[in-house]
Amino acid sequence: MSEAASTVAPRKIIIDTDPGQDDAMAILLALASPEIEVLGITAVAGNVPLWRTAENALKVCEVAGKRDVKVFAGCEKPMAHSLITAEHVHGKTGLDGIELPQPTMALQEQSGVDFIIETLRNEPAGAVTLCTLGPLTNIATAFEKAPDIVERVGQVVMMGGAYFEVGNITPAAEFNIYVDPEAADIVFKSGADLVVMPLDVTHKALVTKPRLEAFGAFGTHVGEACKGWLDFFERFDVEKYGSEGGPLHDPTVIAYLIAPELFKGRHINVEIETQSDLTRGMTVADWWGVTDRPANAHFLGDIDADGFFTLLTERIARL
Ligand code: RIB
Ligand code: CA
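Criteria and thresholds
- Residues numbered from 1 in each chain as written.
- Chains lettered and ligands numbered in written order.
- Predicted model: local features only at pLDDT ≥ 70, side-chain atom pairs only at ≥ 80, totals over all residues.
- Heavy atoms only, no water.
- Donors = N, O, S within 2.8 Å, 3.2 Å for Na, K, Ca; no water.
- Axes fitted to C-alpha atoms, helices over the stretch in contact; angles between N-to-C directions.
- Helix = DSSP H or I, 4+ residues; strand = E, 2+ residues; numbered from the N terminus.
- Parallel < 35°, antiparallel > 145°, perpendicular 65-115°, else oblique.
- Left-handed = near helix turned anticlockwise from the far one by under 90°.
- Contact = heavy atoms within 4.5 Å.
- Nonpolar A, V, L, I, M, F, W, Y, C, P; charged D, E, K, R; others polar.
- Phe/Tyr/Trp six-rings, centres within 6.5 Å; stacked < 30°, edge-to-face > 60°.
- Buried < 20%, exposed > 50% of the residue type's maximum accessible area, 1.4 Å probe, protein only.
- Lys NZ or Arg CZ within 6 Å of the ring centre and 35° of its normal.

Notes on the coordination of the calcium ion (ligand 2)
Next up, step 1: Within the protein, the calcium ion (ligand 2) binds to Asp18 (OD), Asp23 (OD), Asp23 (OD), Leu133 (O) and Asp250 (OD); these donor distances fall in the range 2.2 to 2.6 Å.
Next up, step 2: In the primary structure, the donors to the calcium ion (ligand 2) are separated according to the pattern D-x4-D-x109-L-x116-D.

What to know about the packing of helix H5 (residues 137–145) against helix H7 (residues 181–188)
Next up, step 1: At a minimum axis separation of 8 Å, H5 and H7 run at an interaxial angle of 55°. By the angle class used here, H5 and H7 are oblique. Like other packed secondary-structure pairs, H5 and H7 cross with a definite hand, here left-handed. The residues of H7 that touch H5, namely those facing Thr137, Ile139, Ala140, Phe143 and Glu144, are Ala183, Ile186 and Val187.
Next up, step 2: Across the contact of H5 with H7, the residue classes break down as six nonpolar, one polar and one charged.

Regarding the packing of aromatic side chains
Within a pair of aromatic rings, the relevant descriptors are the distance that separates the centres and the angle that separates the planes.
Next up, step 1: A complete count under the given rule lists eight aromatic pairs for this structure.
Next up, step 2: Pairing Trp287 with Phe299 gives two aromatic rings, centres 6.3 Å apart and planes at 65°, and the pair type is edge-to-face. Here Phe299 lies in strand E12 (residues 297–303) and Trp287 lies in the loop between strand E11 (283–285) and E12, a separation of twelve residues in the sequence. The pair Trp287 / Phe299 is uniform in exposure class, with both members buried.
Next up, step 3: Between the aromatic rings of Phe308 and Phe309, the centroid separation amounts to 5.0 Å while the plane-to-plane angle is 70°, which identifies the pairing as edge-to-face. Of the two residues, Phe308 and Phe309, both sit in the buried class.
Next up, step 4: Joined through ring pairs, the aromatic side chains of Tyr163, Phe164, Trp287, Trp288 and Phe299 make up one cluster.
Next up, step 5: Positioned over the ring face of Tyr178 is Arg280, at 4.2 Å from the centre of the ring.

Next comes the structure, spelled out in structure tokens:
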């Protein structure tokens, strides 16, 4: 049944990302969804170095057939630490799982940080959502360079952190926060309206075999890419957790914009460990309200995984 023509204007977003197979799936979901207008994609160093995440963002736009999307390169290293990458999860290219040609789309000249600042200044206050899928280096750098933009941000919807699931890159910390805890600390203390999609949610969004095969059933290049990416990327987590599939992290951010009813969470205080080597990057989430620290984030805890994969598959099949 065709959807009733939407009378609501699409939600304007900037995707800040470190592709990454799961980032790629999130970008495809956004580009396939009429509820969303992608103003630009800003790459950040994370899963792989910046030159690769920027190139990978271009490749994903070309897989989607969306060559008009503006892609920018952001920061090449965290604010206070040397870069830690995750080739052990994502492979050398960051998009292992399918061979893709060198992109023919070009990066924008402007830096990703300046694009974020300029866009937030030019768009009406509250109109733009920052969807972050990697370390928060670009966002925090933009906030530090142009403090006036913080109150103009509609929402920051991020994949990062954990409470019940604790860590995936160390026993205490999730990768996106661990790579740049100082940046995360700036964003969590900024006063911006934060929505946090932690491992507590993404570890419930497992790419089981039937869910993986659904992409292969598209019979398209997009479906082949998705299946290849997911097949490769889940190996690390399946081996580590013994689960029936790998957790699909980043598309939960975009799914939240389209169908927030798929998620449940609490408005709580979340602070970032930046001092201790042992617990660097831990998101100290007051889930049980045992402190009087002010709530600063909508921290999600549960997901309707079947509903999520139904949305993801249906939308990406449109590309
Ligand atoms: O910890 C998972 C997160 O780290 C995901 O965003 C993944 O792409 C990596 O960036
Ligand atoms: Ca990511």
